Amino acid sequence: MFRTVLLTLFICLLATPAYAERKEVAKRADCSISVGDKDADGRNLVIADCVWPIASSKVIAAVKAVQDHDDYLSSVKESTVLPDGRVFQIHEASGIADRQITLTYTNKDLPDGGFVTSWTRADSQEPLREDVVDAPLDDGKWEVHPDGDGSKVIYHLRYDAGGKVPNWLVQSFQKGGIADIVEQMREAASK
């Protein structure tokens, strides 16, 4: 019996998702923001788990409008959908040079009426503009689920700004910058 309990406990520990290593770093805009789940290069995955009193259709519309993200996300200076469907973006943050990346987006409708859009660095990058730094990694997603009259929203981001960005600045962005992004997306969806 004791061996069975120990074996069960051991299996449960092995089956525990990597999210067990997460640390909450902020709460804002009805979101809990956590970091952890470092990749092989030590880059954190940042996750915002949100419950918004906004209809999922409105949140989905704001998330889908990637060509407008530069209108309401302060860290996105430019967001242009290219003729082949890739998305060219310039990112900005206080104290560092702008970052450039071309992304491939994948969209999927969910069975519950929700929606998920995910992105990653495209195989083909646009020529690097002058005075910007190539962002080597930008993997993320917005996931939206209906929740009564509101929405459950999940935002994931694993980002590498490239260049020589001090670790304290990256961590500062994880705490404040992600909170700004979810707050700004919520505001855009509420209009």
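Just so we're clear, the structure is a prediction, and the values are computed from it rather than from any experiment.

Visitor: When you look at the overall build of the protein chain in this model, what are you seeing that I'm missing?
Guide: Helix and strand counts for the protein chain stand at four helices and ten strands. Ordered by position from the N terminus, the helices and strands of the protein chain form the series α-β-β-β-α-α-β-β-β-β-β-β-β-α. When the 191 residues of the protein chain are sorted by exposure, 41% land in the buried category. For the protein chain, contacts bridging at least 24 residues in sequence account for 51% of all contacts bridging at least 6.

Visitor: How should the pairing of strand β1 (residues 23-28) be read in this particular structure?
Guide: Pairing of β1 with strand β2 (residues 31-36) involves five bridges; the strand directions are antiparallel. Bridge pairing links Arg28 to Cys31 in β2.

Visitor: I tried to follow the state of the cysteines on my own but got confused; where do I start?
Guide: Cysteine pairs can be covalently joined through their sulfur atoms, and such a bond is termed a disulfide. In total, this model carries one disulfide according to the counting rule given. Each sulfur of the disulfide joining Cys31 and Cys50 lies 2.1 Å from the other. With the S-S bond torsion at 110°, the cross-link from Cys31 to Cys50 turns out right-handed. Of this pair, Cys31 sits in strand β2 while Cys50 sits in strand β3 (residues 45-52), and the two are 19 residues apart along the sequence. The two residues Cys31 and Cys50 agree in class, both being buried.

Here is what the cut-offs are and how they apply
- Residues numbered from 1 in each chain as written.
- Predicted model: local features only at pLDDT ≥ 70, side-chain atom pairs only at ≥ 80, totals over all residues.
- Heavy atoms only, no water.
- Helix = DSSP H or I, 4+ residues; strand = E, 2+ residues; numbered from the N terminus.
- Buried < 20%, exposed > 50% of the residue type's maximum accessible area, 1.4 Å probe, protein only.
- Contact = heavy atoms within 4.5 Å.
- Pairing = 2+ DSSP bridges.
- Disulfide = S-S within 2.5 Å.

These values are about where atoms sit, not about what they do.
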